[in-house]
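# Structural description and commentary
These are the residues of each chain, in order.
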Amino acid sequence: MQDNRKERYKTVAYYPGCALEGTGQPYDISTRAVGKKLGLKLEEVKDWNCCGAMEVKNIDLEVQTYLSSRVMSQAVHKNKAEVVMAPCNGCYHNLKKAEYDLSHKEKSKATVEKISAKAGHEAYHPGEIETIHALDWIKFGYGEEELKAKIKGGLKGLKVANYYGCMYTRPRHIFPEKGHGGDSESLKDPHYMDDLLAIAGAENVEFPLKTACCGGAHTLSDSDMSTKLVLNILEAAEAAGAEVIATECPTCHSGLEMHQIRALKKLSKDTKVKVVYFTQLLGLAMGLSPRKVGLHANVSQSIPLLKAKGIA
C-alpha cells in the first residue's frame, strides 16, 4: 500500500461530510480547487450520510459505527473506490474508528450487519477500503517534490501556526498507520501540514498547542469553557509569532473563528491572528485567487493581511 499511494490516491471517493456543506464550505471549495489544480480527482461518495458525528455517539455507539460504515460501504459498492478521503477530522476519525471497531468488536459487526440488511444495502467489512485525510491525499497523491515545482508566488514571509486539533491523532489505536517514523505521520507531533506549507514557502512557528482541544464537542453545552480553550490556542499562536493559524478541520476552524469573536466580547481578550484552512493557503501559493479558494467566505478576515504580504 505504501509503495503505490501516488497511483491509489490519484482518484479517491470524496466524503465531504455535513460540515463542509455548511459552516465549512470554504474548506470544501478550496479542497476541490486545489485538487483540480493538482490533477487529483474527487468522486463524491454516492448518497452519503452523516457519519454520526458527536451527537449519535453520545446515544448509541453501535449505531454511530453503522452510520460511518455505511459511508464506506457506499464508497466501495457504489463508487467502486479503493480509497475514501475525508477532509473533516470528525468524519476521518469516525470512519477510522468504525474500521477498528468492526475488526475488534463482535457487537459492532453484528449491529452493522443487522441494520445494513434492514436498510437493504451491502454491509461494510473491515479492509474493503482505505480511509485517508486531505493531508495524506495531497502529500502522497501528488507528492512533495511535484508540489515544489507547482508553487508559484508561494507563502514567503508568512508566519504560520499549524493547528491539527485533538481528533487527528486520538485515540491512537485507531490510526495503526501512524507513529512508525519515516514518512508516517507522528502521533505525538504531527507534521504533514507543516511539511506542505513549508514547501509552499511559509515559515512554520513552534506551536505547542497544535493538538490541543478547541472545545468543539461542548461548545453548545458550555460555551464559556470552549471560549477559554480557544483563547489558549489563539494566544499561544500569537506568542509563537504566528500571523495565521492554519487548520484542517471545519469544527476546529469555525470554533476558532467564532470564539475569537466571543473572547473579545465576553472576556475583552483581543487576538489578531487570522484563521485559514491549509487548502486555502496552498491554493493561494499556487496562484489561485482568494475567491477561488473561498477566502471571502471565512469569518476571519485574512485578505488584508495576505494582500499586504503579497500573497492574495
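Read on for a plain summary of the structure. Quick caveat: nothing in here was measured; it's all calculated off a predicted structure. (Residues numbered from 1 in each chain as written. Predicted model: local features only at pLDDT ≥ 70, side-chain atom pairs only at ≥ 80, totals over all residues. Heavy atoms only, no water.)

### Some details on the overall build of the chain
Assigned secondary structure in the chain consists of 12 helices and eight strands. Taken over the C-alpha atoms alone, the chain extends approximately 55 × 45 × 35 Å along its principal axes. Of all 312 residues assigned to the chain, the portion counted as buried reaches 54%. At a minimum sequence separation of 6, the contacts of the chain that also span at least 24 residues come to 77%. With the model as given, the accessible surface of the chain reaches about 13,600 Å², and the carbon-plus-sulfur share is 52%. (Helix = DSSP H or I, 4+ residues; strand = E, 2+ residues; numbered from the N terminus. Buried < 20%, exposed > 50% of the residue type's maximum accessible area, 1.4 Å probe, protein only. Contact = heavy atoms within 4.5 Å. Areas by Shrake-Rupley, 256 points an atom, 1.4 Å probe, with all protein chains shown as cover.)

### Notes on helix α4 (residues 89-104)
Between its terminal C-alpha atoms α4 stretches 22 Å, which fits the 22 Å expected from 16 residues at 1.5 Å a residue. Summarising burial for α4: 13 of the 16 residues are buried, a large majority. (Expected span 1.5 Å × (residues − 1).)

### Description of the sheet that holds strand β8 (residues 274-277)
Pairing within the open sheet is parallel, and its four strands lie in the order β6-β5-β7-β8. Of all the strands in the sheet, the pair left with one neighbour each is β6 (203-204) and β8. As defined by bridge partners, strand β7 (residues 244-247) adjoins β8 across four bridges and the pair is classed as parallel. From the neighbouring strand, Thr247 faces β8, where its bridge partner is Tyr277. Those strands touched by helix α10 (residues 250-267) are β5 (159-163), β7 and β8, and its axis lies near 160 degrees from that of β8. The sheet strands contacting helix α11 (residues 278-285) are β7 and β8, and the helix crosses β8 at an angle near 80 degrees. (Pairing = 2+ DSSP bridges. Axes fitted to C-alpha atoms, helices over the stretch in contact; angles between N-to-C directions.)

### A look at the nonpolar core
Membership of the largest hydrophobic core comes to 76 residues, with the highest contact counts inside it found for Tyr15, Trp137, Leu147, Leu197 and Phe278. If one sorts the elements of this core by residue count, helix α3 (residues 61-77) sits on top with six residues. Val205, Phe207, Ile245 and Val273 belong to the second largest nonpolar core, which has 17 residues in total. (Core = buried A, V, L, I, M, F, W, Y, C linked by side-chain atoms within 4.5 Å.)

### What to know about a nonpolar patch on the surface
A contiguous nonpolar surface patch, about 240 Å² in accessible area, is contributed by Met258, Ile261 and Val299. Classification of Val299 by relative accessible area gives partly exposed; the value is 40%. (Patch = residues over 30% accessible without salt bridge, like charges linked within 9 Å, V, L, I, M, F, W, Y side chains within 5 Å. Salt bridge = Lys/Arg side-chain N within 4 Å of Asp/Glu carboxyl O.)

### Let's talk about the pattern of salt bridges
In this structure the tally under the stated criterion is 19 salt bridges. With a closest N to O distance of 3.1 Å, Lys210 and Asp189 form a salt bridge. With a gap of 21 residues between them, Lys210 in the loop between β6 and α9 (223-239) and Asp189 in the loop between β5 and α8 (192-199) connect regions that are remote in the sequence. Among the charged side chains, a salt-bridge network with shared partners connects Arg8, Glu82 and Glu130.

### A short note on the side chain of Asp194
The topology assignment puts Asp194 in helix α8. Residue contacts for Asp194: discarding those within four places in its chain leaves Asn162, Tyr164, Asn204 and Lys210.

### Focus: the side chain of Thr247
Looking at the secondary structure, you find Thr247 in strand β7. Given the relative accessible area of 0%, Thr247 is considered buried. Leave out the neighbours within four places in its chain, and Thr247 touches Tyr163, Met193, His253, Leu256, Val275, Val276, Tyr277 and Phe278.

### Brief notes about the sheet that holds strand β3 (residues 83-85)
The strand order β2-β1-β3-β4 describes an open sheet built from four strands, whose pairing is parallel. Edge positions in the sheet fall to β2 (41-44) and β4 (130-132), since each of these pairs with one other strand and no more. Taking each pair of neighbouring strands and ignoring which way they run, the sheet shows an average axis angle of 40 degrees. The pairing of β3 with β4 spans three bridges and is classified as parallel. Within β4, the residue paired with Met85 across the bridge is Ile132. Sheet strands in contact with helix α6 (residues 134-141) are β1 (11-14), β2, β3 and β4, and its direction is about 95 degrees off that of β4.

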